[in-house]
Amino acid sequence: MGVVLELTNVVKRFGENEVLSGVSLQLHRHEVVCLIGASGSGKSTLLRCANLLESIDGGSISLFGQSLEDERIDPDLVRRHIGMVFQSFNLFPHLSVLDNILIGPVHALKRRRAETREDALALLDRIGLRDRADDYPERLSGGQQQRVAIVRSLAMRPSLLLLDEVTSALDPTLVGEVLDLLRDLAHHGTTMLIATHEMNFARDVAQQVVYLDKGVLVEQGTPEEIFTNPQHESTRSFLERVR
Amino acid sequence: MALTTDEGSSPTPPLLFASRRRRLLVGRRGVVASAISSVIILGVIVAVFWLAPGGATVRYFFFNPHLMWQAFVGDPRRGLSSVGWGLITNLWMFAVSEVLVLFFGLVIAWVRLSQSPVLFPFRVLATMYTDVFRGVPILLVIFMVGFGLPELNIGFLSTQSPAVYGCTALTITYSAYVAEVYRAGVFSVPHGQLLAARSLGLTHTATMRRVILPQAVRTVIPPLLNDLISLQKDTALVSVLGVIEATRAAQIYGSTVFNFSGYTVAAILFLLLTIPMTRFTDHLIARDRSRRLAGV
């Protein structure tokens, strides 16, 4: 299996504060890796470093074997291959649902609007929101908005998706529909790196679960290993607390 | 103190009626109350004005209807410029400067927000520009441009009319203000919007143009209109260069006829221009506020 994303001893500091202390991680094609850990453990920062929204202070990150620290790297090109979905959706409120999905293909990839429109509508069809294409995001529920945000990233046909606690800002009744979409994506072989607090979901979809504590990768393994037989005391006590 | 709610420690339920005095100010009674208070306040202001020891003198020197009309239309045979015609000069100076200010303000803001290393010297210059011209009194800028440029003797730059120098000075100063308004608008757009756009692979320029600016415009319009209102008034300052606009015409009228009613006319004319704009601005602010409160 080909390695898509590889982090090697990644260090990230905000001033004095070390948020990531030498994290190493591999993400293979068609693989789902879930990052778990308390708030402030560095999950979000790790995702942001992976698509160059944050620069790193040590170690290296590579995408398809190409180091992202190389001076010749164009961050905009890198990001076109990496989809990112945020906790707070961040849909563009001044654009319709359809235009939210088209903005990437049209203005980043320079594809013709007419030729991507059908693709976008097909994506909306898959999440059952085709009839909302012309609505503005504010008219949609949180769950619908988050599903549109996921589809907006997919419209770029990325090689992998980064998902940053995408259900944390949602009403409990709306979490299910978003997780179902992610399960569906996982089932179809989408490569995903998911920061989440939903342990049952992680257990279901992940091939690998990574536990982070204060910027340190404490433990990594299959869901089985992590959830039923954690090796480290801090993993055990974290899982006790979230259960 | 027990960590609980008070479960009816007294046998009777608590009284929930407002006091008699507060009830006078609620509902339809409130409308009556506000009408009465308006009449009284207005009455006091008018009374003070009429009954003041110098009231009659002020009315004669500032509110003489006959002289106000004379100042408004002017009288060429006596060398009296019309305040009304003067206002036309204010209007076109405003119109010209307004367009230039909106344009140059955007350019300066764009430069200050740019990230390209090539533009670094321009970023520094733009920052200095906004610092300097927000700090120097506009009257000094008008003097410097209006009297300085002609002295320099450099071709067409030194042979323009005072009104053109006036517009130039207004544009120079107000572009600095307006640039800051645009910039504040850009910062008002939530950071997540920038992250989302950049993570889609949009370039900095595309992000600005497609995502940030369209959203910034909505927040920027009220403060922008505020600046335009004060630009409209400040066209009066160009009178110091000898441009015969409304205030200057009023001044000429006053020193010829020894009556200040011309100033009153100029003030009224300026109000007629600015009040619709201030009302419109307030309306926009109120609309935006109610939208935000509705959670939209």
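Residues numbered from 1 in each chain as written. Chains lettered and ligands numbered in written order. Predicted model: local features only at pLDDT ≥ 70, side-chain atom pairs only at ≥ 80, totals over all residues. Heavy atoms only, no water.

(A) Expanded view of the overall build of chain B. Assigned secondary structure in chain B consists of twelve helices and zero strands. Seen in sequence order, chain B has helices and strands lined up from the N terminus as α-α-α-α-α-α-α-α-α-α-α-α. The C-alpha atoms of chain B give 27 Å as radius of gyration, which overshoots the globular expectation for 296 residues (19 Å, by more than 25%). Principal-axis analysis of the C-alpha atoms places the extent of chain B at approximately 90 × 70 × 30 Å. Intrachain contacts of chain B at a sequence separation of at least 6 include 73% that bridge at least 24 residues. Carbon and sulfur atoms form 71% of the exposed surface of chain B, whose accessible area is close to 18000 Å². Taking the average place of the 24 positive charges on the side chains of chain B and the average place of its 12 negative ones, the gap between the two points comes to 8 Å. (Helix = DSSP H or I, 4+ residues; strand = E, 2+ residues; numbered from the N terminus. Rg over C-alpha atoms; globule rule 2.2 N^0.38 Å. Contact = heavy atoms within 4.5 Å. Areas by Shrake-Rupley, 256 points an atom, 1.4 Å probe, with all protein chains shown as cover. Lys, Arg positive; Asp, Glu negative; His and termini not counted. Charge placed at Lys NZ, Arg CZ, Asp CG, Glu CD.)

(B) Here's a closer look at the state of the cysteines. All names here are of chain A. For the structure shown, the criterion picks out zero disulfides over all chains. Residue Cys34 stays outside any disulfide, its sulfur separated by 19 Å from that of Cys49, the closest cysteine. Judged by its relative accessible area of 0%, Cys34 is buried. (Disulfide = S-S within 2.5 Å. Buried < 20%, exposed > 50% of the residue type's maximum accessible area, 1.4 Å probe, protein only.)

(C) Looking closely at the interface of chain B and chain A. With 16 residues of chain B in contact, the opposing surface of chain A contributes 21 residues. Around 1700 Å² of area is buried between chain B and chain A when both sides are counted, 64% of it from carbon and sulfur atoms. Among the residues of chain B in contact with chain A, B:Leu195, B:Ser199 and B:Leu200 are the three that bury the most area, contributing 35% of the side total. Taking the shortest distance from any N to any O, the salt bridge between B:Arg198 and A:Asp76 comes out at 3.1 Å. At the boundary of chain B and chain A, one finds six residue pairs in polar contact (both at pLDDT 80 or more). At the level of elements, helix H9 (191-199) and helix H10 (204-234) of chain B are the ones that each hand at least two residues to the side of chain B that touches chain A. Ranked by residues supplied to the side of chain B that touches chain A, first place goes to H9(B) with seven residues. (Buried area = accessible area lost by both parts, 1.4 Å probe. Salt bridge = Lys/Arg side-chain N within 4 Å of Asp/Glu carboxyl O. Polar contact = N/O pair within 3.5 Å; in protein donor to acceptor, adjacent residues only side chain to side chain.)

(D) Spotlight on empty space enclosed by the protein. Residues and elements named next belong to chain A. Applying the stated criterion across every chain yields a total of one cavity of 30 Å³ or more. Volume-wise, the largest cavity comes out at about 30 Å³. Around the largest cavity, the lining residues are Leu123, Arg126, Ile127, Val151, Leu154, Leu181 and Leu185. Taken together, the residues of the lining of the largest cavity sort by class into six nonpolar, no polar and one charged. (1 Å grid on protein atoms, 1.4 Å probe; cavity = no way out; pocket = protein on both sides within 12 Å on 5 of 7 lines; lining within 4 Å. Points joined across faces, edges and corners; volume = space filled by probe spheres on them. Nonpolar A, V, L, I, M, F, W, Y, C, P; charged D, E, K, R; others polar.)

(E) Representation of the domain arrangement of chain B in the model. Considered domain by domain, chain B is made up of domain 1 (23-52) and domain 2 (86-243 + 273-293). Using only C-alpha atoms to locate each centre, domain 1 of chain B and domain 2 of chain B end up separated by 41 Å. (Domains from an automatic or database assignment.)

(F) View of the layout of surface pockets. Residue and element names in this part refer to chain A. The volume enclosed by the second largest pocket comes to roughly 400 Å³. Looking at the second largest pocket, it is lined by 25 residues, and the ones nearest its centre are Leu154, Ala155, Arg157, Pro158 and Thr190. At the level of secondary structure, the elements contributing two or more residues to the lining of the second largest pocket comprise helix H3 (97-107), helix H4 (113-126) and strand S7 (160-164). If one sorts the elements of the lining of the second largest pocket by residue count, H4 sits on top with five residues.

(G) View of the sheet that holds strand S6 (residues 82-85) of chain A. Residues and elements named next belong to chain A. The strand order S6-S7-S8-S3-S9-S10 describes an open sheet built from six strands, whose pairing is mixed. In this open sheet, the two strands that pair with only one neighbour each are S6 and strand S10 (216-221). Within this sheet the neighbouring strands show an average axis-to-axis angle of 15°, counted without direction. Two strands pair when backbone bridges link them, and S7 and strand S8 (residues 192-195) are joined in this way by four bridges, in the parallel orientation. Each bridged residue has a counterpart across the sheet, and for Leu161 the counterpart in S8 is Met192. The sheet contacts of helix H5 (residues 142-154) involve S6 and S7, and relative to S6 the element is tilted by about 170°. (Pairing = 2+ DSSP bridges. Axes fitted to C-alpha atoms, helices over the stretch in contact; angles between N-to-C directions.)

(H) Structural detail: the environment of A:Val166. Residues and elements named next belong to chain A. Relative to the helices and strands, Val166 resides in the loop between S7 and helix H6 (172-187). Classification of Val166 by relative accessible area gives buried; the value is 4%. Between the C-alpha atoms of Val166 and Gln87, which are 79 residues apart in sequence, the distance is 4.3 Å.

(I) Seen up close, the sheet that holds strand S5 (residues 66-67) of chain A. Residues and elements named next belong to chain A. On the basis of which strands lie adjacent, the open sheet formed by four strands has the order S2-S1-S4-S5 and antiparallel pairing. The open sheet terminates on both sides in strands that have one partner only, identified here as strand S2 (17-28) and S5. Taken together, the nine bridges between strand S1 (residues 3-14) and S2 define a ladder with antiparallel strand orientation. Opposite Lys12, over in S2, you have Leu20 as the bridge partner.

(J) Just the nonpolar core, in detail. Residues A:Ile36, A:Ile150, A:Leu163, A:Leu182 and A:Met192 are the most contacted members of the largest nonpolar core, which totals 49 residues. With seven residues, H6(A) is the single largest residue contributor to this core. Each residue touching A:Leu163, except ones within four places of it in the same chain, is listed here: A:Leu47, A:Val85, A:Ile150, A:Leu182, A:Met192, A:Leu193, A:Ile194 and A:Ala195. By size, the runner-up hydrophobic cluster in this structure holds 48 residues, among which are A:Val23, A:Leu27, A:Val78 and B:Val211. (Core = buried A, V, L, I, M, F, W, Y, C linked by side-chain atoms within 4.5 Å.)

(K) Focus on a nonpolar patch on the surface. All names here are of chain B. Where nonpolar side chains cluster on the molecular surface, the patch consists of Leu42, Val46, Phe49, Trp50, Leu51, Val58, Tyr60, Phe61, Phe62, Phe63, Phe260 and Tyr263 and spans about 1200 Å² of accessible area. Secondary-structure elements contributing two or more residues to the nonpolar patch are helix H2 (28-51) and helix H3 (55-62). Sorting elements by how many residues they give to the nonpolar patch places H2 first, with five residues. Relative to the helices and strands, Leu51 resides in helix H2. Judged by relative accessible area, Leu51 falls into the exposed class, the value being 70%. (Patch = residues over 30% accessible without salt bridge, like charges linked within 9 Å, V, L, I, M, F, W, Y side chains within 5 Å.)

(L) Fine view of the pattern of salt bridges. Residues and elements named next belong to chain B. Counted under the stated rule, the structure contains 23 salt bridges over all chains. The salt bridge involving Asp282 is made with Arg279; its shortest N-O contact spans 3.0 Å. Of the two residues, Asp282 and Arg279 are both situated in helix H12 (residues 261-293); the distance of three residues between them amounts to about one turn of the helix. On the accessibility criterion, Asp282 (38% relative accessible area) is partly exposed.

(M) Highlighting the side chain of A:Ser96. All names here are of chain A. Topologically, Ser96 is positioned in the loop between S6 and H3. Ser96 gets classed as buried once you look at its relative accessible area, which sits at 9%. When residues no more than four places from it in sequence are discounted, the contact partners of Ser96 are Ala133, Asp134, Asp135 and Tyr136.

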